[in-house]
Each structure stands twice: as C-alpha cells, then as structure tokens.
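Observations on the model geometry
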Amino acid sequence: MLNVRDLTVSYGSFQAAREINFEVREGELVVLLGANGAGKTTVFRALSGLTRAGAGSRIEFAGRDLSSATPRAIVDAGMSHCPEGRKLFPALSVLTNLRLGAYRCPDRADIDRRLERVMALFPTLSTRTGDPAGALSGGQQQMVAIGRALMAEPRILLLDEPSVSLAPKVVRQVLETVAAINRAGTMVLLAEQNAYAALEIAQRGYVLENGRIVLDGAAADLMQHDEVRRAYMGA
Ligand code: ATP
C-alpha cells in the first residue's frame, strides 16, 4: 500500500502541494483529478523522489518510509513513474527506450521476459521496435512511455496524464490497457483531467485543487458529484 501523509511541496515561497493525504491500497487503481496547475505533477515528482517533499511529509510504500529516498531506491522499492509528456528519447529506437526502463535489472533473460510482457500488452509496438520513438503516433508514444515504466516491473505505476493531446478513441484504448495492467495485479495511481474516462476505470479518486485535496470517494460516487460534473464533465 502507498500511504501519503501531510505531503507538502514548495517551489521557493510557493506551496504547490499542501498537507496532502491519500492512499492507494493493494490491488487498487486510484485517480487523482485536477485541472491544469492543480499540483498533480508536483505530487508525482515528490513520490518518485524527483522533487524534495517538505519537512513533516511522509511517503510510505509497502511498509517502508520513502520520504527522503533517492529516485533509484524508490524504483527498487517498486514504484515506477511514467511522466507527463512521455519524455521519450525521440531519436532512439522504441526498443532502446523500453530497455532503459529496466536499467536496474542486471539479468538479460529477465529483461527479455519483461519486454515480451510489454509487447503482449501493446501488440502494435512489436512491429515498430526498430523505429525511432519520435516517428510513432502520439498514442503509440504513450504506449512506449507506459511500457518503459513497466520494464521496471513496478508494484505501483504512477501514471501522469497519459491522455494529454490524444484523440478520444486513443484515450479509451490507452486507459483500457491501464485497467488491464491493474487487473493483472499492479497498483496504479493515475493523474487525469479527463475525469469521466479515468473514473470509469478507477475504484476510487481524489480531487486536487490549488495543491489541496478537496474531495475524495468511490469512483462511482465522484462521477455523480455535482462539483466534479461541473468542473470536469461540462455539466
Ligand atoms: P498540469 O496538468 O498543467 O501539468 P498539474 O496539476 O500537474 O498541472 P503542477 O505541474 O504540479 O500541476 O503545478 C502546480 C503548481 O506549481 C502550478 O501553479 C505551477 O505553475 C507550479 N510549478 C510547477 N513546477 C514549478 C517549478 N519548478 N517552479 C515553480 N513553480 C512550479
């Protein structure tokens, strides 16, 4: 279980995350909803050790305190981050981008086995392994980014806004695969602005506004919530 208590992150004097509390339980897919600038990426970067959390923040995963752990130790503990904007190496091949996700794994046979799993999840990538990642469509690049995160064989996948700049049909395909990854046993924390599509696959959700959690509940309840419908579903 991922347990986050009193997470605060500041950029200079600006608090982008303020005393945030949430959890992802074993087997869950949890969505973090928030508009542009709400603080979703800040939370993800703090979880994966890329941004330092403030004093008093507590990040626990699988019973371990990772509040001040290095990104490498966090990957080793089973958390893998698929960043907003994909952050692929566009000139490198799809295969090389994927292999980079397994940089902590010394065993070649194990890496090949992980690659097979990624290809089974994203069959369209198997015909593109030699192509530069930058030559792929936006949806395929998102698949590579998720695949790269899965190459670390995480127990929890931190997935930051995978639907950005994708067509609705592609968003659906990507999120269906995320649901399949979760069903196969990986916990998922998914940041999204696309509330309806995200709540459809999640069990629970939290709503982030100006760096604070303002609402949380079962996905089905949040979908019916007036504030969520008004802010994210155009109701
Ligand atoms: P988006 O969907 O636009 O990425 P977000 O919910 O992920 O939004 P964050 O990127 O976490 O939001 O940003 C939260 C707030 O922190 C915003 O006001 C943003 O301008 C500010 N911010 C983010 N990164 C920095 C930084 N490195 N320095 C200063 N302010 C920052």
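Just so it is clear, the model here is predicted, and its values are computed rather than measured.

Parameters and conventions
Residues numbered from 1 in each chain as written. Predicted model: local features only at pLDDT ≥ 70, side-chain atom pairs only at ≥ 80, totals over all residues. Heavy atoms only, no water. Buried < 20%, exposed > 50% of the residue type's maximum accessible area, 1.4 Å probe, protein only. Helix = DSSP H or I, 4+ residues; strand = E, 2+ residues; numbered from the N terminus. Pairing = 2+ DSSP bridges. 1 Å grid on protein atoms, 1.4 Å probe; cavity = no way out; pocket = protein on both sides within 12 Å on 5 of 7 lines; lining within 4 Å. Points joined across faces, edges and corners; volume = space filled by probe spheres on them. Nonpolar A, V, L, I, M, F, W, Y, C, P; charged D, E, K, R; others polar. Expected span 1.5 Å × (residues − 1). Contact = heavy atoms within 4.5 Å. Near = heavy atom within 4 Å. Polar contact = N/O pair within 3.5 Å; in protein donor to acceptor, adjacent residues only side chain to side chain. Sits in = over half its atoms within 2 Å of the grid points.

A few points about the pairing of strand E9 (residues 204-209)
Judged by how many residues are buried, E9 sits mostly within the fold: five of six residues are covered. Pairing of E9 with strand E10 (residues 212-218), which is carried by six bridges, proceeds in the antiparallel orientation. Within E10, the position partnered with Val207 by the bridge is Leu215.

Regarding the layout of surface pockets
As a volume, the largest pocket reaches approximately 550 Å³. In terms of lining, the largest pocket is formed by 21 residues, of which the most central are Leu50, Val75, His81, Pro83 and Arg148. For the lining of the largest pocket, the secondary structure elements donating two or more residues are helix H1 (40-47), helix H2 (71-76), strand E6 (79-82) and helix H5 (138-150). Grouping the constituent residues of the lining of the largest pocket by class yields eleven nonpolar, five polar and five charged. The volume enclosed by the second largest pocket comes to roughly 160 Å³. Along its surface, the second largest pocket is lined by 16 residues, and Gly37, Ala38, Gly39, Lys40 and Thr42 are the ones closest to its centre. Broken down by secondary-structure element, the contributors of at least two residues to the lining of the second largest pocket are strand E2 (14-24) and H1. For the lining of the second largest pocket, the per-class residue count stands at four nonpolar, eight polar and four charged.

Some words on H5
In this model, H5 (13 residues) spans 18 Å end to end at C-alpha, consistent with the 18 Å of a helix rising 1.5 Å per residue. Across the 13 residues of H5, twelve count as buried, placing the element largely inside the fold. Along H5, the residues that are buried comprise Gly139, Gln140, Gln141, Gln142, Met143, Val144, Ala145, Ile146, Gly147, Arg148, Ala149 and Leu150. Where H5 is buried, its residues touch E6, helix H3 (94-100), helix H4 (108-121), strand E7 (156-160) and helix H6 (168-183).

Observations regarding unusual backbone geometry
With phi around 45°, Glu19 is a residue other than glycine that occupies positive phi space. Structurally, the position occupied by Glu19 is in strand E2. Unlike most non-glycine residues, Asn210 shows phi in positive territory, near 45°. One can find Asn210 in the loop between E9 and E10.

A word on the site of the ligand
With respect to spatial proximity, 14 residues lie near the ligand, and among them Gly37, Gly39, Thr41, Thr42 and Glu161 are the closest. Measuring from an oxygen atom of the ligand, one finds a backbone N or O atom of Gly37 at 2.7 Å. Take Thr42: an N or O atom from its side chain is 2.5 Å from an oxygen atom of the ligand. Of the pockets mapped on this structure, the ligand occupies the second largest pocket. Counting residues per element, the ones that place at least two in the shell around the ligand are E2 and H1. Sorting elements by how many residues they give to the shell around the ligand places H1 first, with three residues. The residue makeup of the shell around the ligand, split by class, is five nonpolar, six polar and three charged.

Geometry only, nothing functional implied.
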